[in-house]
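Secondary and tertiary structure notes
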Amino acid sequence: YLMGSTAMAVPAVVLAFLVLVSRDGLGPVGAHSLAMLRDLVVVFLGLAVYGSLFGLLGIVLRRPILPGVAFLFVWEMLASFPRWAPRLTIAAWLRSLLPYAVPVQGLEALLGGPVRLPVTVSVAVLLVLTVTFGFIAAWVFGRREYVLGQ
């Protein structure tokens, strides 16, 4: 999963980077290449943690689509809230790895904007979540008996 999704995401990130950075010519592309690599690492971490979480949901739940969509569009909105609430979301940990701020507008602007979390703690939390979700999914998958439907 991770290699396939990364292979599809990398060209999109690189193309978006080239379009956004080269608006004044190709000169700034080299100067901002480290920023693109950092963004690719954040995309890779996001794909890994969300992939392991939704893999776990797919193994544990009989119909995982609705809970997965609810998680993305309801629970992950907590990343926009102030104080302690963003620490409960994956999106806030991913956002804290980016040095630039996500544009704040609407409800998020009224609530005070995103919370900045330490980068090293963010990487550690994302890696622990990825390994934990993957381990639990593998453990549940190994304990279950699967019967092929007819």
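As a starting point, this report considers the structure included with it. (Residues numbered from 1 in each chain as written. Predicted model: local features only at pLDDT ≥ 70, side-chain atom pairs only at ≥ 80, totals over all residues. Heavy atoms only, no water.)

Working definition: an aromatic ring pair is given by the centre-to-centre distance plus the angle between the planes. Under the counting rule described, the total for this entry stands at two aromatic pairs. Note on Phe-54 and Phe-71: the rings are 6.1 Å apart at their centroids and 80° apart in plane angle, and the pair reads as edge-to-face. Note that Phe-54 is positioned in helix H3 (residues 33-60) and Phe-71 in helix H4 (residues 65-73), a separation of 17 residues in sequence. Since its relative accessible area comes to 18%, Phe-71 is described here as buried. Through a chain of ring-to-ring contacts, the aromatic side chains of Tyr-50, Phe-54 and Phe-71 assemble into a single cluster. (Phe/Tyr/Trp six-rings, centres within 6.5 Å; stacked < 30°, edge-to-face > 60°. Helix = DSSP H or I, 4+ residues; strand = E, 2+ residues; numbered from the N terminus. Buried < 20%, exposed > 50% of the residue type's maximum accessible area, 1.4 Å probe, protein only.)

A separate point is the environment of Val-10. Mapping Val-10 onto the fold places it in helix H1 (residues 2-21). Through-space distance from the C-alpha of Val-10 to that of Val-41 is 10.0 Å; in sequence the pair is 31 residues apart.

It is worth spelling out the side chain of Thr-6 at this point. Position of Thr-6 relative to the elements: it lies in helix H1. Residue classification places Thr-6 among the buried residues on the basis of a relative accessible area of 16%. Residues in contact with Thr-6, not counting those within four places in the same chain, are Pro-11, Phe-44 and Leu-47. (Contact = heavy atoms within 4.5 Å.)

This part covers a nonpolar patch on the surface. A contiguous nonpolar patch, built from Ile-65, Val-69, Leu-72, Phe-73 and Val-74 and spanning about 520 Å² of accessible area, is present on the exposed surface. Tracing the sequence through the fold places Leu-72 in helix H4. Classification of Leu-72 as partly exposed rests on a relative accessible area of 35%. (Patch = residues over 30% accessible without salt bridge, like charges linked within 9 Å, V, L, I, M, F, W, Y side chains within 5 Å. Areas by Shrake-Rupley, 256 points an atom, 1.4 Å probe, with all protein chains shown as cover. Salt bridge = Lys/Arg side-chain N within 4 Å of Asp/Glu carboxyl O.)

This next bit is on the nonpolar core. In terms of nonpolar packing, the biggest core is built from 20 residues, with Val-49, Tyr-50, Ile-90, Leu-94, Leu-126 and Phe-133 touching the most fellow members. Here the element with the most residues in this core is H3; it accounts for seven residues. If we ignore the near neighbours within four places in the chain, the residues touching Leu-126 are Leu-45, Val-49, Ile-90, Trp-93, Leu-94 and Leu-97. The next biggest cluster of nonpolar side chains, apart from the first, holds six residues, and it includes Phe-17, Val-21, Val-29 and Leu-40. (Core = buried A, V, L, I, M, F, W, Y, C linked by side-chain atoms within 4.5 Å.)

For the pair H3 and H4, interaxial distance at closest approach is 10 Å and the crossing angle is 145°. Once H3 is placed against H4, the crossing between them reads as right-handed. On H4, the residues that touch Tyr-50, Leu-53, Phe-54 and Leu-57 of H3 are Gly-68, Phe-71 and Leu-72. A class-by-class count of the residues in the contact of H3 with H4 yields six nonpolar, one polar and no charged. (Axes fitted to C-alpha atoms, helices over the stretch in contact; angles between N-to-C directions. Left-handed = near helix turned anticlockwise from the far one by under 90°. Nonpolar A, V, L, I, M, F, W, Y, C, P; charged D, E, K, R; others polar.)

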